[in-house]
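If you want the building blocks of each chain, they are given just below.
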Amino acid sequence: MKVIINVAMTLDGKIDNVARRGAKISSDSDWDRVDRLRAESDAILVGGRTLLDEDPRLTVKSAALRDERVARGFEPDPVKVGIVSNATLTVKSRFLSAGTGKIIIFTTEQTSAKQLTFLREAGAVVCVLGKKRVDLNAALAFLEEWGIENLMVEGGGGMNAALLTAGLVDEIQAYIAPLIFGGATAPTLADGAGILDGEKLDLLDLKKLDDGGVLLRYQVLK
Ligand SMILES: NC(=O)c1ccc[n+]([C@@H]2O[C@H](COP(=O)([O-])OP(=O)(O)OC[C@H]3O[C@@H](n4cnc5c(N)ncnc54)[C@H](OP(=O)(O)O)[C@@H]3O)[C@@H](O)[C@H]2O)c1
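Fair warning: this is a prediction, and the values are worked out from it, not measured in the lab.

A look at the packing of helix H1 (residues 28–40) against helix H3 (residues 63–71)
And step 1. Packing of H1 against H3 brings their axes to within 10 Å, and their N-to-C directions diverge by 15°. With respect to each other, H1 and H3 are oriented roughly parallel. Both H1 and H3 take part in a crossing whose hand is right-handed. Only Leu65, Glu68 and Arg69 of H3 make contact with H1, whose side of the interface consists of Asp35, Arg36, Arg38 and Ala39.
And step 2. Residue composition of the contact of H1 with H3, grouped by class: two nonpolar, no polar and five charged.

Topic: the pairing of strand E5 (residues 125–128)
And step 1. Pairing analysis gives four bridges linking strand E4 (residues 103–107) to E5, with the strands arranged parallel. Bridge pairing in E5 links Ile104 to Val125.
And step 2. Handedness of the crossover joining E4 and E5 through helix H5 (residues 113–121) is recorded here as right-handed.

Some thoughts on the environment of Glu171
And step 1. Tracing the backbone through its elements, the reader meets Glu171 in strand E7 (residues 171–177).
And step 2. Under the relative-accessibility criterion, Glu171 is labelled buried at 4%.
And step 3. In contact with Glu171, not counting residues within four places along its chain, are Lys2, Val3, Ile4, Ile5, Leu204, Arg217, Tyr218, Gln219 and Val220.
And step 4. Within polar-contact distance, the side chain of Glu171 engages the side chain of Lys2 at 3.0 Å.

Points about H1
And step 1. Helix length check: H1 (13 residues) gives 19 Å between terminal C-alpha atoms against 18 Å at 1.5 Å per residue, within 8%.
And step 2. Among all positions of H1, only Asp30, Arg33, Val34, Asp35, Leu37, Arg38 and Ala39 are buried.
And step 3. The inward-facing, buried residues of H1 abut strand E1 (2–10), strand E2 (43–47), H3, strand E6 (150–153), E7 and strand E9 (214–220).

Criteria and thresholds
- Residues numbered from 1 in each chain as written.
- Predicted model: local features only at pLDDT ≥ 70, side-chain atom pairs only at ≥ 80, totals over all residues.
- Heavy atoms only, no water.
- Axes fitted to C-alpha atoms, helices over the stretch in contact; angles between N-to-C directions.
- Helix = DSSP H or I, 4+ residues; strand = E, 2+ residues; numbered from the N terminus.
- Parallel < 35°, antiparallel > 145°, perpendicular 65-115°, else oblique.
- Left-handed = near helix turned anticlockwise from the far one by under 90°.
- Contact = heavy atoms within 4.5 Å.
- Nonpolar A, V, L, I, M, F, W, Y, C, P; charged D, E, K, R; others polar.
- Pairing = 2+ DSSP bridges.
- Right-handed = clockwise from strand over helix to strand, strands pointing away.
- Buried < 20%, exposed > 50% of the residue type's maximum accessible area, 1.4 Å probe, protein only.
- Polar contact = N/O pair within 3.5 Å; in protein donor to acceptor, adjacent residues only side chain to side chain.
- Expected span 1.5 Å × (residues − 1).

So, in structure tokens, the structure goes:
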């Protein structure tokens, strides 16, 4: 399985500002790239805080890209994957209701039995993989068994860091916007406990964009 982290960040590496409400970073043309990457992916994964705080739809927006997926024999939207220690989704959840993508939620024993039943009745496949934190190796092995060959990760900083630390990421696509957010507590591409030796990368591609941003594509060296 190929795992690609996609991230939009400011020049100072922030993927949101200190308010943590999902600040706009991508330009319109970058959103088109993200939509294409979504359409090319079998599944899109988000971490618990992104899932619960932002409730993303994770659908493919372009009608043409949706049609292309259908022509290739897929659902218009990719599978949506949430990794959340203590799931507390509600009937209002856009993650659960938007689009056509199947939903897989990996969670832990912290999630209540009532919530597990609610998620399953809402049509999600739910796997309890761990006591406090989701076992990421087991989660990705499950996705591989499900036939997921291309997995796109859409953050946040904690989930990116955990996947990188576990050696589970193959590529990073980073849009760098001509912006600085600052703020010591604003999330970055890879938060968590830190990577003392540094994650080693190989630059695959670099593009200067008309919107003043830069698109970088890195292979993660293992
Ligand atoms: N610009 C972008 O491209 C982009 C994309 C997505 C998100 N974001 C931003 O990122 C921020 C959210 O990032 P975040 O770091 O706070 O949260 P996150 O990465 O979305 O989620 C991390 C949470 O996942 C749960 N989790 C369960 N199992 C885990 C495991 N094995 N390893 C790590 N985490 C595990 C943890 O919950 P517990 O702590 O409860 O255990 C952890 O707090 C938001 O501000 C959002 O706007 C930006």
